[in-house]
Amino acid sequence: IATLDAACARLGLRNTANIVQAVASARMFQSADPGLDAAMRRLWRHSIVAAQSAFAVARLGSEAQPETLYLAALFHDVGPAAILDRVAKGSDPVI
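Computed from a predicted structure; not experimentally measured.

(A) Molecular detail of the overall build of the protein chain. When helices and strands are counted, the protein chain shows 5 helices and 0 strands. Counting helices and strands in the order they occur from the N terminus, the protein chain gives α-α-α-α-α. For 95 residues, the compact-globule formula gives about 12 Å, and the C-alpha radius of gyration of the protein chain, at 16 Å, lies well above that figure. Based on the C-alpha atoms only, the size of the protein chain along its principal axes is roughly 45 × 35 × 15 Å.

The structure is reproduced here in structure tokens:
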């Protein structure tokens, strides 16, 4: 596969959209603090696995749209990521 167009065509619209959303969400799970960054990266990896699992289960016969479940699972740990971000910035972690 030599071009982005060819890769997107090969993957299909759903998979391409899921990859783009996952890559875009990675920024929310990063920290300048090395200790917190490791925890944030674990949260991000967990979210990716949860999203892929939700998508696969939805395709097996759920009435829900696979993309909807993918996004819900991808962002289900945004709260802990936001709290870790506030801790890294020295803010009160209570939102």
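(B) Looking closely at the packing of aromatic side chains. Within the structure shown, the criterion is met by 1 aromatic pair. Between Phe 55 and Tyr 70, the ring centres sit 6.2 Å apart and the planes meet at 90°, which makes this aromatic pair edge-to-face. Here Tyr 70 lies in helix H4 (residues 66-74) and Phe 55 lies in helix H3 (residues 34-59), a separation of 15 residues in the sequence. Take Phe 55 and Tyr 70: they sit in the same class, and that class is buried.

(C) How the structure looks around the pattern of salt bridges. Within this structure, the stated rule accounts for 1 salt bridge. Where Asp 37 meets Arg 41, a salt bridge forms, and the shortest distance between an N and an O atom there is 2.8 Å. One end of the pair is Asp 37 and the other is Arg 41, both in helix H3 and 4 residues apart, which spans about a single turn.

(D) Expanded view of H4. Looking only at H4, the buried set comprises Pro 66, Tyr 70, Ala 73 and Leu 74. The buried side chains of H4 occupy one side of the element, clustering within an arc of 100° when seen end-on. On the buried face of H4, the contacting elements are helix H2 (13-25) and H3.

Conventions adopted
Residues numbered from 1 in each chain as written. Predicted model: local features only at pLDDT ≥ 70, side-chain atom pairs only at ≥ 80, totals over all residues. Heavy atoms only, no water. Helix = DSSP H or I, 4+ residues; strand = E, 2+ residues; numbered from the N terminus. Rg over C-alpha atoms; globule rule 2.2 N^0.38 Å. Phe/Tyr/Trp six-rings, centres within 6.5 Å; stacked < 30°, edge-to-face > 60°. Buried < 20%, exposed > 50% of the residue type's maximum accessible area, 1.4 Å probe, protein only. Salt bridge = Lys/Arg side-chain N within 4 Å of Asp/Glu carboxyl O. Arc of directions from axis to C-beta. Contact = heavy atoms within 4.5 Å.

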